[in-house]
Each structure stands twice: as structure tokens, then as C-alpha cells.
Amino acid sequence: MQSALTCRFTFHNILPGLPVPGTPAFAQLCRDLKRFGFSAEKFSLETPSAKLSDVRVTVALLQEAVTLRVQYEWLELVVPALVQGHEDSLPDIINTTLQALALLDPGVGKGDLVVQSVAHLRLESLDPEVYLSEHLTGGDESYRPDAFAFNVISGGDVIRKQGRIVIAVSAIFAGSVFVDYVAEYANPQITSDTVKEMRIDYYKRLALLGLVETKGEGQK
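Note that the structure is predicted; figures quoted are calculated from it, not measured.

## Brief notes about the packing of helix H1 (residues 24-32) against helix H2 (residues 90-101)
Two elements in contact, H1 and H2, have axes separated by 8 Å at closest approach and are oriented at 155°. In terms of orientation, H1 lies roughly antiparallel with respect to H2. Crossing of H1 against H2: the hand is right-handed. Together, Ala25, Gln28, Leu29 and Asp32 of H1 and Thr96, Thr97, Gln99 and Ala100 of H2 make up the contact between the two elements. Considering only residue class, the contact of H1 with H2 consists of three nonpolar, four polar and one charged.

## What about the environment of Gln28?
Here Gln28 shows up in helix H1. Expressed as a C-alpha distance, the spacing of Gln28 and Gln99, which sit 71 residues apart in the sequence, is 8.5 Å. At 3.5 Å, the side chain of Gln28 forms a polar contact with the backbone oxygen of Gln99.

## Quick notes on the nonpolar core
If you look at the biggest cluster of nonpolar residues, it comprises 54 residues, and the most contacted ones within it are Leu75, Tyr131, Ile167 and Leu211. Broken down by element, this core gets its largest block of residues, six residues, from H2. Setting aside residues no more than four positions away along its own chain, Tyr131 makes contact with Leu123, Phe148, Ile167, Val177, Leu209 and Leu211.

## Description of H2
For H2, spanning twelve residues, the distance from its first C-alpha to its last is 17 Å, which sits close to the expected 16 Å at 1.5 Å a residue. Of all twelve residues in H2, nine are buried; the element is thus mostly enclosed. Taken together, the buried positions of H2 are occupied by Leu90, Pro91, Ile93, Ile94, Thr96, Thr97, Leu98, Ala100 and Leu101. Close packing links the buried residues of H2 with strand E1 (2-11), H1, strand E3 (56-61), strand E4 (66-71), strand E5 (74-79) and helix H4 (192-208).

## Quick word on the sheet that holds E5
Read from one edge of the open sheet, nine strands run E2-E3-E4-E5-E1-E6-E9-E8-E7, paired in antiparallel fashion. Either end of the sheet is taken by a strand with one partner, and the two such strands are strand E2 (43-46) and strand E7 (147-152). Strand after strand, the sheet turns through a mean of 15° between neighbouring axes, direction not considered. H2 rests against E1, E3, E4 and E5 of the sheet, and its axis sits at about 155° to E5.

## Looking at unusual backbone geometry
One non-glycine residue, Leu62, lies in positive phi territory at about 50°. If you trace the backbone, Leu62 turns up in the loop between E3 and E4. The exposure class assigned to Leu62 is buried, which follows from its relative accessible area of 17%.

## Comments concerning the pattern of salt bridges
Here the idea is simple: oppositely charged side chains can pair when their charged atoms come close. Inspection of every chain in the model, using the stated rule, returns eight salt bridges. When the shortest N-O distance is used, the salt bridge between Glu64 and Lys42 registers 2.6 Å. Highlighted residues: Glu64 in the loop between E3 and E4 and Lys42 in the loop between H1 and E2, separated in sequence by 22 residues. For Glu64, a relative accessible area of 52% translates into the label exposed. Judged by relative accessible area, which is 23%, Lys42 ranks as partly exposed. A single network of salt bridges, built from pairs that share partners, joins Arg8, Arg69 and Glu76.

Thresholds, definitions, all that
- Residues numbered from 1 in each chain as written.
- Predicted model: local features only at pLDDT ≥ 70, side-chain atom pairs only at ≥ 80, totals over all residues.
- Heavy atoms only, no water.
- Axes fitted to C-alpha atoms, helices over the stretch in contact; angles between N-to-C directions.
- Helix = DSSP H or I, 4+ residues; strand = E, 2+ residues; numbered from the N terminus.
- Parallel < 35°, antiparallel > 145°, perpendicular 65-115°, else oblique.
- Left-handed = near helix turned anticlockwise from the far one by under 90°.
- Contact = heavy atoms within 4.5 Å.
- Nonpolar A, V, L, I, M, F, W, Y, C, P; charged D, E, K, R; others polar.
- Polar contact = N/O pair within 3.5 Å; in protein donor to acceptor, adjacent residues only side chain to side chain.
- Core = buried A, V, L, I, M, F, W, Y, C linked by side-chain atoms within 4.5 Å.
- Buried < 20%, exposed > 50% of the residue type's maximum accessible area, 1.4 Å probe, protein only.
- Expected span 1.5 Å × (residues − 1).
- Pairing = 2+ DSSP bridges.
- Salt bridge = Lys/Arg side-chain N within 4 Å of Asp/Glu carboxyl O.

If you want it as C-alpha cells, here you go:
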């Protein structure tokens, strides 16, 4: 299996500033993210255009396995290749960053979290076309299924506000499917228990579609 993860926390209000050198928020960020590998070399302020929405602070953490981006409207964690054990650090990184940003805006902790997981999952049947056909009905024989998508409806005790899952034939790994799962959470408390509940919900979504996360040949 090969997977990547992106977590975006969108603030309810635009920040009045960014945690740049010379601000108390920057000083706290330097101190509290040091345990995750924060250093001056890993910090950059990017201003690609005059638009406020394009200005961002970028920090490489966990030996550059995780990228933290802070913009005026959101903060984002990007994990291009998920390594076992790193998931446990992500809630601490988000909460540590929010605590520093609270020096700029005390209400910054109120917002919406969108988690996107993309993964290549190896099928037991090793036949993606058969798998996709099982989840599609009707159609002409001249058409060959390539992908399908579902909106995920919230219900019960699930903290997820809404979600969407897209499954397609993997263009990288033979005998595998590509899974793009997006879930949105309103005003979440980002704790280890919350993250555990998110994981359980994700695995249930996969299981209902006959998928599980397992290592395949050539995958991580």
C-alpha cells in the first residue's frame, strides 16, 4: 500500500497576521515545534503574489516527511508518503500550531477540518476491472468501468460532517485501486481519541466497499 494524507483546518475568521520572525507567535512556534524538527533552515515565508491568499509560512517537520503550511485562512499538514508512527504526531503538530496562532487571534481554534487520504490498495482478486464492475450496475458492453464515487452520509455517533470517496483503477500499481477519501469535520476537538474515531470511520468506509489497507508488492 502507498498512501498520502492532507489535513486542512480552516479558520472561521481570517488571521490578522502570520507567525513570522519578530512576533510572539513565531517565538512560541519555534520553541514548541522544536521536538518535531523545527529549525531556521526548514522555515520559509512565501509571497508568490500580492494576494493575501497566496502568502504562507511553510515549515518542514519530522525530517521533511511532513510539511506544515500556515496561511491567513487555514493551516495545512501535508504528508506525501505516510510513514508508520507519524500519524500520532499530527494532532500534536496541529494543536501546537493553533496554540501559537491564538496569540494572533484567540478564536483561531474554531474552524472546520478537512482530511483527505489518498491510497493505492492492492486487491485480493488482483483484478480492478472486476471489482469496479461489481459496484456499478447496467451499462453497455462497449463501456469499461474506470471509476466510481459515493457521497458519505453522516449518521449515528460519527463526528464526520460529510464525506466523499472516489475509487479508480490504479495507474501506478497493477492489481490495485486508487482510493481518494475526503471527510469534513465541524469544530472538531483534535485529540488522540478523535483521531482514533476518524481512523475507525475510515476503515469502516473501506470495509463496506470490500477494501482493507494491506501491504502489496512494491508498495509501502
